[in-house]
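Residue-level listing of the chains:
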Amino acid sequence: QVQLMESGGGLVQAGGSLRLSCAASGRIFGLSSMGWYRQAAGKQRELAASISIRGIPNYADSVKGRFTISRDNGKNTVTLQMNNLKPEDTAVYYCNVKIYNAITNQLNDYWGQGTQVTVSS
């Protein structure tokens, strides 16, 4: 089965940087997009950034210009470089991968356990 291992969360001052990494392990066929969602206290979970199998990124407007997402298909990893962090970025960040099921012709979601990012003012 697919398992996701996250690393890189922590506490940082406003204006600082963090790098989140996620590695997918197991026998994986049909790996599609990878990304990071985040959920702040009292708010809905939202997409921060994602990247397609061919390396095309998408960013939430709130992080565009500050975050950079990348992937290594050989290692099945996705990385989120977060610069100029703001207190509003404080949230639990969840790694997400989508895997294509050829039988059902659907994309199935897999989730990491989440890692806390806290930005102090």
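Residues numbered from 1 in each chain as written. Predicted model: local features only at pLDDT ≥ 70, side-chain atom pairs only at ≥ 80, totals over all residues. Heavy atoms only, no water.

A.B. asks: In this structure, what is going on with the environment of Glu88? I would like to understand it.
C.D. replies: Looking at where Glu88 falls in the secondary structure, it is placed in the loop between strand 8 (77–82) and strand 9 (91–101). When its relative accessible area of 58% is taken as the criterion, Glu88 is described as exposed. Each C-alpha atom of the pair Glu88 and Gly42 lies 13 Å from the other, and the pair is 46 residues apart in sequence. (Helix = DSSP H or I, 4+ residues; strand = E, 2+ residues; numbered from the N terminus. Buried < 20%, exposed > 50% of the residue type's maximum accessible area, 1.4 Å probe, protein only.)

A.B. asks: What should I look at first to understand the pattern of salt bridges in this one?
C.D. replies: Oppositely charged side chains can pair when the atoms bearing their charge come close. In total, this model carries 4 salt bridges according to the counting rule given. The salt bridge partner of Arg38 is Asp89, with a shortest N-O separation of 2.9 Å. Of this pair, Arg38 sits in strand 4 (residues 31–39) while Asp89 is found in the loop between strand 8 and strand 9, placing the two residues 51 residues apart along the sequence. The same class applies to Arg38 as to Asp89, namely buried. In this structure, Asp89 engages Arg66 in a salt bridge whose closest nitrogen and oxygen atoms are separated by 2.8 Å. Of this pair, Asp89 sits in the loop between strand 8 and strand 9 while Arg66 is found in the loop between strand 6 (57–59) and strand 7 (67–72), placing the two residues 23 residues apart along the sequence. Taking relative accessible area as the criterion, Asp89 reaches 1% and is therefore assigned buried. (Salt bridge = Lys/Arg side-chain N within 4 Å of Asp/Glu carboxyl O.)

A.B. asks: I tried to follow the side chain of Glu6 on my own but got confused; where do I start?
C.D. replies: Here Glu6 lies in strand 1 (residues 3–7). No salt bridge is formed by the buried Glu6; the nearest opposite charge belongs to Arg45, separated by 8.5 Å. Polar contacts involving the side chain of Glu6 include one to the main-chain amide nitrogen of Cys95, which spans 2.6 Å. Those residues in contact with Glu6, other than ones at most four positions away along the chain, are Ser21, Cys22, Trp36, Tyr93, Tyr94, Cys95, Gly112, Gln113, Gly114 and Thr115. (Lys, Arg positive; Asp, Glu negative; His and termini not counted. Polar contact = N/O pair within 3.5 Å; in protein donor to acceptor, adjacent residues only side chain to side chain. Contact = heavy atoms within 4.5 Å.)

A.B. asks: Sorry, what's going on with the nonpolar core here?
C.D. replies: Within soluble globular proteins, side chains that are nonpolar tend to cluster in buried spots. Among the nonpolar cores identified, the biggest contains 29 residues, and Trp36, Val78, Leu80, Met82 and Tyr93 are the most heavily contacted of them. If you list the elements that add at least two residues to this core, you get strand 3 (18–25), strand 4, strand 5 (46–51), strand 7, strand 8, strand 9 and strand 11 (115–120). Per element, the largest residue contribution to this core is 5 residues, and it comes from strand 9. (Core = buried A, V, L, I, M, F, W, Y, C linked by side-chain atoms within 4.5 Å.)

What is shown is where atoms sit, not what they do.
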